[in-house]
Amino acid sequence: MSRRVYIHVGAPKTGTTYLQDRMRLNAGALAEHGVHYVVDEEMPTHFGAALDLIEEPWGGQRRHFVGAWEERLMRRVRATDRDATLVISHEILAGARAEHVARAMRDLGEGGDEVHLVYTARDLGRQVPAEWQEGIKHRRQRSFATFLQQIREAEHEDPRELWFWRVQHVPEVLARWGASLPPERVHLVLVPQSRDGEDSLWLRWCRALGVDPAWAPRDSQASNSSIGVAEIRVLRDLNERLGEVDLPGRPYRRLVRQQLVHHNLAQREGMTRAAMPPDQHAWATDLAREWVRELGASGYRVYGDLDELVPRPGPDAEAWVDPDEVSVEDQLDVALDALTAMTEIAAEEGRPGPAGAPAPPGPAAPPGRRETLTLAVARRLRDRLRR
């Protein structure tokens, strides 16, 4: 018998964090039914293997995962029972170029294994601001207006040359990844536009994989949380200041992205979410309808309604909040919350250990890096108030 391998390639910001964590939490129970989510203590996620495959630098992280696709992931795949179903999932795989896709399909299909492609997709009205915000969480500083201009220009030129379209252009991603597969092995899972009702993203995901939802009873609370326009504005300014002090990537990911953004700013109440500008809604709607016509004739297996790719009407011009024009008062409130949160984190990390002795000091930072994160926030806030 041959293995059946489902490779889920994204897209980013389509509930992938939740799906992957729920698969991980239920890996043992799923394995009892012959479904193997290929992770272990050495490889808790497929990020490293995906990064190795697509050969992107990713802020210097790729060097830590050289060989991860072959030596970690493929080794585990080949060691799995011949009659098993395997699931591989990471959203950055959507950005793989044609030569990387060819390698993946060759590796996964060797020995006659039956390869299936899974892609989760969400309407552009939500994906455009979500991807812009995700870039800010990865240290970028560009304005929303600049981001919109870049993706509009790239769409008319070569969308494959811009990361946003490489991972979010639904027909192109499916054509690139599904080039060697019969259409019935290409599974398009739509993210519901509403959380109401029983037809959730998880149930659609299970149908695509041929999994009984009862095999994975443990729910997950994991998510890649979004933040509001004022929070994004403060984070953009913080990224600029941290660029001046040359904060390394690892402490940025731990302190800023995880601690400050996900654990603190994302928990603030009453945030105003970033949304598509009203004057861009017609463009996104027309493009989505083109996709719906193309996908409807593709023969792919679709879970949900293709019309869910068409953006819902957003706020009108009077109600829409420009993420690039946030009041100083709103930024001040966010900055003070950020400063409070980071001060608490610094105090917690400086407390004595169980034996009563203080934690050993870390390596001394070079002079250009001695400005702490909280001091950077405070000085940025001071300068803004002076202006």
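Please read these numbers as outputs of a predicted model, since none were measured by experiment.

Novice: So what exactly am I meant to see when it comes to the overall build of the protein chain here?
Specialist: Each helix and strand in the protein chain was counted, giving 15 helices and six strands. Within the protein chain, buried positions represent 49% of all 387 residues. Looking at the protein chain alone, contacts between residues at least 24 apart form 80% of all its contacts between residues at least 6 apart. Carbon and sulfur atoms provide 49% of the accessible area of the protein chain, an area that totals close to 18700 Å².

Novice: Help me understand the nonpolar core, please; the structure alone is not making it clear to me.
Specialist: If you look at soluble globular proteins, the nonpolar side chains tend to sit buried side by side. Judged by nonpolar contacts, the single largest core of 88 residues is most densely connected at Ile7, Tyr119 and Trp177. Sorting elements by how many residues they give to this core places helix α11 (residues 229-245) first, with eight residues. Grouped together as the second largest cluster of nonpolar side chains are 20 residues, Leu19, Val35, Leu201 and Ala216 included.

Novice: How should the packing of helix α3 (residues 47-54) against helix α4 (residues 68-78) be read in this particular structure?
Specialist: Each pair of packed helices gets described by two things: the angle between the helix axes and the distance between those axes. Orientation of α3 relative to α4, taken along the N-to-C sense of each, is 135°, at an axis distance of 8 Å. It follows from the interaxial angle that α3 and α4 lie oblique. Here α3 and α4 pass one another in a crossing that is left-handed. The segment α3 lies against α4, with Gly48, Ala49, Asp52 and Leu53 engaging Ala68, Trp69, Glu70 and Leu73. Of the residues in the contact of α3 with α4, the class split is five nonpolar, one polar and two charged.

Novice: Teacher, can you tell me more about the sheet that holds strand β4 (residues 114-121) here?
Specialist: Backbone hydrogen bonds are what pair the strands of a sheet, in a parallel or an antiparallel way. Ordered in space as β2-β3-β1-β4-β5-β6, the six strands form an open sheet in which the pairing is parallel. Each having just a single partner strand, β2 (35-37) and β6 (301-303) make up the two edges of the open sheet. Each strand of the sheet is rotated relative to its neighbour by a mean of 20°, with strand direction disregarded. Taken together, the three bridges between strand β5 (residues 186-190) and β6 define a ladder with parallel strand orientation. Across the sheet, residue Leu188 finds its bridge partner in β6, namely Val302.

Novice: Is there a simple way to think about the pairing of strand β3 (residues 85-89) in this case?
Specialist: Every other side chain in a regular strand lies on the same face of the sheet, so the side chains alternate between the two faces. Summarising burial for β3: five of the five residues are buried, a large majority. Judged by which residues are buried, β3 turns out to be covered on both faces: Thr85, Val87 and Ser89 on one side and Leu86 and Ile88 on the other are all buried. Where strand β1 (residues 4-8) meets β3, five bridges bridge the pair, whose relative direction is parallel. Paired with Val5 across the bridge in β3 is Leu86. In the sheet, β2 pairs with β3 via three bridges, with the strands oriented parallel. Each bridged residue has a counterpart across the sheet, and for His36 the counterpart in β3 is Leu86.

About the thresholds
- Residues numbered from 1 in each chain as written.
- Predicted model: local features only at pLDDT ≥ 70, side-chain atom pairs only at ≥ 80, totals over all residues.
- Heavy atoms only, no water.
- Helix = DSSP H or I, 4+ residues; strand = E, 2+ residues; numbered from the N terminus.
- Buried < 20%, exposed > 50% of the residue type's maximum accessible area, 1.4 Å probe, protein only.
- Contact = heavy atoms within 4.5 Å.
- Areas by Shrake-Rupley, 256 points an atom, 1.4 Å probe, with all protein chains shown as cover.
- Core = buried A, V, L, I, M, F, W, Y, C linked by side-chain atoms within 4.5 Å.
- Axes fitted to C-alpha atoms, helices over the stretch in contact; angles between N-to-C directions.
- Parallel < 35°, antiparallel > 145°, perpendicular 65-115°, else oblique.
- Left-handed = near helix turned anticlockwise from the far one by under 90°.
- Nonpolar A, V, L, I, M, F, W, Y, C, P; charged D, E, K, R; others polar.
- Pairing = 2+ DSSP bridges.

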